[in-house]
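Each chain, letter by letter, is given below.
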Amino acid sequence: MNHYEAGNFDVIVVGAGHAGSEAALAAARMGSQTLLITINLDMVAFMPCNPSIGGPAKGVVVREIDALGGEMGRNIDKTYIQMRMLNTGKGPAVRALRAQSDKFMYANEMKKTIEETENLVLRQGIADELIIEDGICKGIITNTGAIYRSKAVILTAGTSSRGQIIIGELKYSSGPNNSQPSIKLSASLLENGFELTRFKTGTPPRVKSSTIDYSVTEEQPGDEKPNHFSYETPNSAYLKDQLSCWLTYTNEATHQKIQDNLHRAPMFTGIVEGVGARYCPSIEDKVVRF
């Protein structure tokens with residue numbers, strides 16, 4: 001492959017998910033010439049799993065990001081379809097604000113903010129290799145041979161790094177939402193002495209609304225009282241016409257079906273090598289544990 005010089009920056013951020021978007025915006029707003037590189041320009045700040053912001057513990061993080069001048073709180077306030085304070089029947093210590101987002105609007109709005117920010121360049125590409133000189137990272141090389149040099153490199157490659165999709169007994173290499181995975185960057189990290197581990201996260205199935213019997217579900221509407229994640233968002237921007245969430249429950253028959261098929265479940269067959277999320281485990285994990 002022919003390599004070529006593609007640009008010099010103060011900061012390079014690899015990956016444009018939640019963390020990468022915030023890192024790039026923060027660097028650019030502080031005056032650093034910043035490059036944000038992502039595998040797919042249509043998936044900037046894209047939420048392939050549960051398209052929500054906040055909730056227990058995470059809601060506090062969103063507030064902290066906002067207090068530090070970050071974008072997540074502002075962005076969800078512009079793109080939510082439901083805002084709800086959780087655990088209002090309990091004490092204030094466990095109450096948590098959560099917003100369900102329009103996942104495509106959220107991603108598009110964040111991308112627009114990035115594109116309109118001074119000192120920030122957004123480009124599509126796959127970072128394959130780190131440029132290391134005297135133990136210091138001085139830039140990256142992409143899969144097309146582009147060399148980007150910088151004073152600092154921030155890696156926020158997330159679940160694209162050696163990503164795998166696992167559905168029952170099926171497993172294949174992929175990034176989130178069937179996007180391209182990043183393979184060679186992980187190899188470059190290993191070559192430079194980093195130890196890598198795998199993390200497993202579960203993605204719920206998408207269900208067509210017209211196939212659901214809503215009469216056997218429990219409605220959870222959004223709050224009528226205005227609320228926002230960002231302290232800069234005025235109450236006048238509150239969305240009155242919100243969409244409801246709907247609760248449903250498993251039963252003994254569901255549990256038995258899962259127990260009878262544990263030999264096919266990737267969490268129990270050894271197909272999944274990574275550590276699972278503690279507070280949102282897969283349904284088969286819940287049935288076995290609880």
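Going along each chain's sequence as written, the residues are numbered from 1 onward. Given that this is a predicted model, residues contribute local features only at a pLDDT of at least 70 and side-chain atom pairs are listed and counted only at 80 or more, while totals for whole chains, interfaces and linings are drawn from all residues. Side-chain metrics in this entry use all non-hydrogen atoms of the structure; hydrogen atoms and water are not considered.

### Quick look at the overall build of the protein chain
Secondary structure follows DSSP: runs of H or I at least 4 residues long count as helices, runs of E at least 2 residues long count as strands, and numbering of each begins at the N terminus. For the protein chain, the count of helices and strands is 8 helices and 15 strands. Radius of gyration means the value over C-alpha atoms here, while the globule rule gives 2.2 Å times the residue count to the 0.38 power. Against the globule reference of 19 Å for 290 residues, the protein chain gives a C-alpha radius of gyration of 21 Å, in line with a compact fold. Dimensions of the protein chain along its principal axes, counting C-alpha atoms only, are 60 × 55 × 35 Å. Here's how the labels work: a residue is buried when its accessible area is under 20% of the maximum for its type, exposed when over 50%, partly exposed in between, all with a 1.4 Å probe on protein chains only. Burial status across the protein chain gives 40% buried among its 290 residues.

### Focus: the pairing of strand β4 (residues 80-86)
Counting buried residues along β4, 5 of its 7 residues qualify, which places the element largely inside the surrounding structure. Any two strands with at least two DSSP bridges between them are considered paired. Note that β4 and strand β5 (residues 96-101) share 6 bridges and pair antiparallel. Looking across to β5, one finds that M85 is bridged to L97.

### Re the side chain of T233
Structurally, the position occupied by T233 is in the loop between β13 (218-220) and β14 (245-247). On the basis of relative accessible area, T233 is assigned to the buried category, the value being 18%. Identification of polar contacts relies on pairs of N or O atoms within 3.5 Å, with a donor-acceptor requirement for protein atoms, meaning one able to donate a hydrogen and the other able to accept it, and with residues adjacent in sequence counted only if both atoms are side-chain atoms. At 2.7 Å, the side chain of T233 forms a polar contact with the side chain of D77. Discounting residues that sit within four places of it in the chain, T233 has contacts with D77 and H228. We call two residues contacting when some pair of their heavy atoms lies within 4.5 Å.

### Some thoughts on the nonpolar core
If you look at the biggest cluster of nonpolar residues, it comprises 27 residues, and the most contacted ones within it are L36, I53, I76, Y106, I114, L120 and F229. If you list the elements that add at least two residues to this core, you get β1 (4-14), α1 (18-29), α3 (72-79), β4, β5, α4 (103-115) and β6 (120-124). Per-element accounting of this core gives the leading share, 5 residues, to α1. Those residues in contact with I76 that lie beyond four places of it in its chain are I53, A99, S101, Y106 and F229. Buried Ala, Val, Leu, Ile, Met, Phe, Trp, Tyr and Cys residues form a nonpolar core when they are joined through side-chain atoms within 4.5 Å. Counting 13 residues, the second-largest nonpolar core is a separate cluster that includes F9, I12, L130 and A146.

### A closer look at the sheet that holds β5
The sheet built from 3 strands is open, its strands ordered β3-β5-β4 with antiparallel pairing. Each edge of the sheet is formed by a strand with only one pairing partner; in this case those strands are β3 (52-54) and β4. Mean inter-strand twist for the sheet, computed between neighbouring axes without regard to direction, equals 20°. Lines are fitted to the C-alpha atoms to define the axes, a helix being fitted only along its stretch in contact, and any angle between axes, read from their N-to-C directions, falls within 0 to 180 degrees. Contacting β3, β4 and β5, α3 crosses the sheet at an angle of about 115° to β4.

### Some details on the packing of α1 against α4
α4 packs onto α1 with a crossing angle of 20° between their chain directions and a minimal axis gap of 11 Å. Put simply, α1 runs roughly parallel to α4. Along this stretch, α1 crosses α4, giving a crossing that reads as left-handed. The residues of α4 that touch α1, namely those facing H18, S21, L25 and R29, are Y106, M110, T113 and I114. Three residue categories are used. Nonpolar comprises Ala, Val, Leu, Ile, Met, Phe, Trp, Tyr, Cys and Pro, charged comprises Asp, Glu, Lys and Arg, and polar comprises the others, including Gly. Residues belonging to the contact of α1 with α4 are distributed by class as follows: 4 nonpolar, 3 polar and 1 charged. Each angle is binned into one of four classes, with values under 35 degrees roughly parallel, values over 145 roughly antiparallel, values of 65 to 115 roughly perpendicular, and all other values oblique. Less than a right angle of anticlockwise turn of the near helix away from the far helix marks a crossing as left-handed, whereas a clockwise turn marks it as right-handed.

### A word on the layout of surface pockets
Using only the protein atoms, space was sampled on a 1 Å grid; points where a 1.4 Å probe fits but cannot get out form cavities, open sets with protein on both sides within 12 Å along at least five of seven lines form pockets, and lining residues are those with an atom within 4 Å of a point. Grid points are joined across faces, edges and corners, and a volume is the space filled by probe spheres set on the points. By volume, the second largest pocket is sized at about 210 Å³. Listed by contribution, the elements that provide at least two residues to the lining of the second largest pocket are β7 (127-133), β8 (136-142) and α5 (184-191). For the lining of the second largest pocket, the class distribution of residues is 5 nonpolar, 4 polar and 4 charged.

From the geometry alone we can't say anything about function, so treat these as descriptive.
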